[in-house]
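# An overview of the molecular structure
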Amino acid sequence: MKLLQERIKQDGLVLSDKVLKVDSFLNHQVDAVLTMEIGKAFAEIYAGKNITKVVTIEASGIHFAMATALALGVPFVYAKKKKAVTLTEDLYSVPVHSFTRQETYQVSVSKRYLSADDHVLIVDDFLATGAALVGLTEIINMSGAELVGVGCVIEKSFQEGRGLLEEKGIEVHSLARIESMSPENGIIFIDNESGAKVTC
Ligand code: 5GP
């Protein structure tokens, strides 16, 4: 997605060759117009695939899931990382290890909101190690729902996430794929159509 790549180039901060800071427009302060365009882009990719629910994980995936769900005309569900006192019903729950935060947390979705009748599109902000998304795919499997695909806003293609998901036969679409990055040389993207490396 050209608009997104240009914005990452313009406002993203490459903190190291592994970490990209995008909190001025994607995951702290949020550009709502760009978010809606991202939702439309995922909806276009998955149009005609009979998606009944968009699923994400709190917190940084929520606005992208909402934009996508709105464009598809379906509800979205966000998996919770902490068990609230109101979450009293039966849950699908899996442990996820966060490499960025160096902690393991329990990810849960109420059994009321996912069923074997659902065709699910997972949407999230980043695909890095894939731990969070692999956890979500396990929850979808537990529910018996069909996982149609995974949409990521930014994929760090030099990390193992895509490989882990594809190994499980899961279709992955990322709107911006980063081949490599460094504070000195900036970001090199992978063109989604040709697979060519582009500096944007
Ligand atoms: P995972 O390693 O499980 O694929 O990524 C888990 C979460 O870590 C992502 O959803 C995202 O919120 C966060 N994350 C991973 N890499 C980066 C990064 O380079 N920059 C930012 N801002 N967040 C990241």
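The coordinates are above.
Quick summary incoming for the structure in this document. (Residues numbered from 1 in each chain as written. Predicted model: local features only at pLDDT ≥ 70, side-chain atom pairs only at ≥ 80, totals over all residues. Heavy atoms only, no water.)

The next point concerns the sheet that holds strand E9 (residues 172-182). In spatial order, the strands read E4-E3-E7-E8-E9-E10-E11; together these 7 strands make up an open sheet with mixed pairing. In this open sheet, the two edge strands, each paired with only one partner strand, are strand E4 (76-79) and strand E11 (197-198). Summarising the sheet, strand E7 (residues 119-127) and strand E8 (residues 146-156) pair through 8 bridges and their orientation is parallel. Looking at E8, one finds that Ile122 is bridged to Val150. Against the sheet, helix H1 (residues 2-11) touches E8, E9, strand E10 (186-190) and E11, its axis set at about 165° to E10. Relative to E7, helix H4 (residues 131-143) is tilted by about 165°, and along the sheet it contacts strand E3 (53-57), E4, E7 and E8. (Pairing = 2+ DSSP bridges. Helix = DSSP H or I, 4+ residues; strand = E, 2+ residues; numbered from the N terminus. Contact = heavy atoms within 4.5 Å. Axes fitted to C-alpha atoms, helices over the stretch in contact; angles between N-to-C directions.)

For the rest of this paragraph, the subject is helix H3 (residues 62-72). Taken residue by residue, H3 has Phe64, Ala65, Ala67, Thr68 and Ala69 as its buried positions. Where H3 is buried, its residues meet helix H2 (32-45), E3, E4, E7 and E8. Looking one or two residues beyond H3, the residue adopting positive phi is Gly73, at roughly 75°. (Buried < 20%, exposed > 50% of the residue type's maximum accessible area, 1.4 Å probe, protein only.)

Turning to the site of the ligand, a few remarks are in order. As a structural note, the neighbourhood of the ligand is formed by 15 residues, with Leu20, Asp125, Thr129, Gly130 and Lys156 the closest of them. Its free accessible area being 500 Å², the ligand has 83% of it covered by the protein chains. Where the shell around the ligand is concerned, the elements lending two or more residues are E7 and H4. Each residue belonging to the shell around the ligand can be placed in one class, and the counts come to 7 nonpolar, 4 polar and 4 charged. (Near = heavy atom within 4 Å. Areas by Shrake-Rupley, 256 points an atom, 1.4 Å probe, with all protein chains shown as cover. Nonpolar A, V, L, I, M, F, W, Y, C, P; charged D, E, K, R; others polar.)

Before going further, it helps to spend a moment on unusual backbone geometry. In this model, Glu58 is joined to Ala59 through a cis peptide bond whose omega is 0°. On the secondary structure map, Ala59 appears in the loop between E3 and H3. Residue Asn50 is not a glycine yet carries a positive backbone phi of 60°. By secondary structure assignment, the location of Asn50 is in the loop between H2 and E3.

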